[in-house]
Amino acid sequence: MTTTMRNAYTAVIARGEVWEAQVHTEPYEAAWASEAVFFVHVMEVIGSPGAVALAQVQISPDGLHWVNEGASMDIPAQAQALSFTRVANFGGWLRLAVAVPGGVGIKVVATLALKG
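None of these values were measured; they are calculated from a predicted model.

A. Region of the structure containing the nonpolar core. With 31 residues, the main nonpolar core has W19, I75, L94, V98 and I106 as its most contacted residues. The element best represented in this core is strand β9 (residues 104-115), accounting for six residues. With sequence-adjacent residues up to four places away left out, V98 is seen in contact with W19, A21, Q22, V23, A53, L54, A55 and I75.

Below, the structure is given as structure tokens:
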């Protein structure tokens, strides 16, 4: 019996950025991976705590044209909140599209954990 070790990689896609209104993370090419987990850690809240931002996973065939994949996550505007969502069978490119309620900013660290 032959066992193959899977590849794994974690990419930081936002570090110390303040997300307000509508935000898109940088596109990340991950065609080699079969599954991915997005994590968003809220470091600080600017404005009204208690609001909830919505992040939707988007996929792309080329890193230029985007469509919602269907997976999403709520991101509470609360210091030290940690949110995640999983995706599989996504094609070549991934990113998050985030809608933050008006009057709120969230300082975040966002990562993308990939396995193939």
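Having seen the model, we can carry on.
B. Broad picture of the pairing of strand β7 (residues 82-88). Residue alternation in β7 divides its side chains into a buried set, S83, T85 and V87, and an unburied set, L82, F84, R86 and A88. Relative to β7, strand β4 (residues 35-47) runs antiparallel, the two being bridged by seven bridges. In the strand pairing of β7, V40 is matched with S83.

C. Quick look at the sheet that holds strand β1 (residues 8-19). The strand order β1-β9-β4-β7 describes an open sheet built from four strands, whose pairing is antiparallel. The strands lining the two open edges of the sheet, one partner per strand, are β1 and β7. The sheet shows a mean angle of 15° between the axes of neighbouring strands, direction not considered. Looking at chain direction, β1 and β9 are connected through 10 bridges and run antiparallel. In the strand pairing of β9, W19 is matched with I106.

Cut-offs used in this document
- Residues numbered from 1 in each chain as written.
- Predicted model: local features only at pLDDT ≥ 70, side-chain atom pairs only at ≥ 80, totals over all residues.
- Heavy atoms only, no water.
- Core = buried A, V, L, I, M, F, W, Y, C linked by side-chain atoms within 4.5 Å.
- Buried < 20%, exposed > 50% of the residue type's maximum accessible area, 1.4 Å probe, protein only.
- Helix = DSSP H or I, 4+ residues; strand = E, 2+ residues; numbered from the N terminus.
- Contact = heavy atoms within 4.5 Å.
- Pairing = 2+ DSSP bridges.
- Axes fitted to C-alpha atoms, helices over the stretch in contact; angles between N-to-C directions.

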